[in-house]
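This is what each chain is made of:
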Amino acid sequence: MSLNLKLKELKEEIDMEIDKYLPDDSNILTEAMRYSALASGKRLRAILLIESAILCGGEKSCVMPFACGIELIHTFSLIHDDLPAMDDDDFRRGIPTAHKKFGEAIAILAADALFALAYQIMSYKPTREKIGNNGAILDCIERISSAIGPKGMCLGQTLDIQSEGQKVTLDDLKLIHRSKTGELISASIYCGGRLAGAGIKNLEHLENFARHLGLAFQIKDDILDVSGKKEELGKTPGSDQRKQKATFPSLLGLEKAKILMDREIESALSCLEHFGEKSATLKDLTKYIAERNF
Ligand code: GRG
């Protein structure tokens, strides 16, 4: 089966699972949660979690609640990121942003409810019974919380806002993106391995892989903001430049940014060598992340 078809099928399966987890009663909060969480995201973090688990001998059905939880947390961060107080964006995933559709108050509450629901799904009894290892579940919840908190996404977003219109170094930029985007990607990959019972050595290789992949992902995101098309991106390109954000292309130029991304992709691929042929899907996924145009 081609990678594109495999990704499409997996994405559809994840979408269906997320749909099942979301509340369905007709009130505005539920409507806003479903609007953002079921909009057409790539589900990359969930797919990375599932494929890392399979690589380490785990089963997709066992880790699905965590894969969905990670996507709900990611959606929560996108709703906040789009708010007028943050990046002030009108479009996300090809549709008006949550606050444009429902107003700021409901958008914030829907994001908060998605965040709480994610932790509920990852820790409730059916998930504990499926995984059968409460220690691994707690480790993963700690890892995810740390990826979001004062050393993760919240720090990255703070530094990102502070850097608008400022001169930053390449190291500053790497720190912004490692914390803002890279940590949640790393946590997804770690959780896949940990929930599948991977040992310390395999987890170390996965962590190294994730670090390089996360950076390559963000460089590509910056490149797409310069050269991507609105219809493919599902949001308006050029927003980084309008907000005078420091990005890899603005700091290095487009060509050098691409070279840095290719280098990170090569390093990510070489971390997977340790796993041999079993890592073919994750390797394809890594190349796909660099080649994507949305
Ligand atoms: C609310 C947890 C929380 C934090 C507040 C808003 C914020 C601080 C942080 C923003 C983090 C953020 C939105 C980073 C952007 C990461 C990024 C490149 C998003 C796009 O990811 P894709 O391309 O999107 O995977 P899809 O739509 O495909 O899921």
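Procedures and definitions
Residues numbered from 1 in each chain as written. Predicted model: local features only at pLDDT ≥ 70, side-chain atom pairs only at ≥ 80, totals over all residues. Heavy atoms only, no water. Near = heavy atom within 4 Å. Polar contact = N/O pair within 3.5 Å; in protein donor to acceptor, adjacent residues only side chain to side chain. Areas by Shrake-Rupley, 256 points an atom, 1.4 Å probe, with all protein chains shown as cover. Helix = DSSP H or I, 4+ residues; strand = E, 2+ residues; numbered from the N terminus. Nonpolar A, V, L, I, M, F, W, Y, C, P; charged D, E, K, R; others polar. Salt bridge = Lys/Arg side-chain N within 4 Å of Asp/Glu carboxyl O. Buried < 20%, exposed > 50% of the residue type's maximum accessible area, 1.4 Å probe, protein only.

## What to know about the site of the ligand
In step 1: Near the ligand lie 19 residues; those nearest to it are Lys42, Arg45, His74, Phe76 and Arg93.
In step 2: Contacts to the ligand include Lys42, whose side-chain N or O atom sits 2.6 Å from an oxygen atom.
In step 3: In this structure, Arg45 approaches the ligand through a side-chain N or O atom, which is 2.7 Å from an oxygen atom.
In step 4: Taken by itself the ligand offers 740 Å² of open surface, and the protein chains cover 92% of this.
In step 5: When residues of the shell around the ligand are traced back to their parent elements, those giving at least two are helix 4 (60–82), helix 9 (153–162), helix 10 (170–195) and helix 11 (200–227).
In step 6: Considering every element that reaches the shell around the ligand, the biggest residue donor is helix 4, with six residues.
In step 7: Here the shell around the ligand is composed, by residue class, of six nonpolar, seven polar and six charged.

## As for the pattern of salt bridges
Once their charged atoms are close, side chains differing in charge can pair, the charge on each being opposite to the other.
In step 1: This structure, assessed with the given rule, holds 23 salt bridges.
In step 2: Ionic pairing is found between Glu13 and Lys60, a salt bridge with its closest N-O pair at 2.9 Å. Note that Glu13 is positioned in helix 1 (residues 3–21) and Lys60 in helix 4, a separation of 47 residues in sequence.
In step 3: Its relative accessible area of 29% is what places Lys60 among the partly exposed residues.
In step 4: The residue Lys245 makes a salt bridge to Glu164 at a minimum N-O spacing of 3.5 Å. In this pair, Lys245 sits in the loop between helix 13 (239–242) and helix 14 (248–252) while Glu164 sits in the loop between helix 9 and helix 10, placing the two residues 81 residues apart along the sequence.
In step 5: Given the relative accessible area of 8%, Lys245 is considered buried.
In step 6: Overlapping salt bridges bring together Asp87, Asp160, Glu164, Lys180 and Lys245 as one network.

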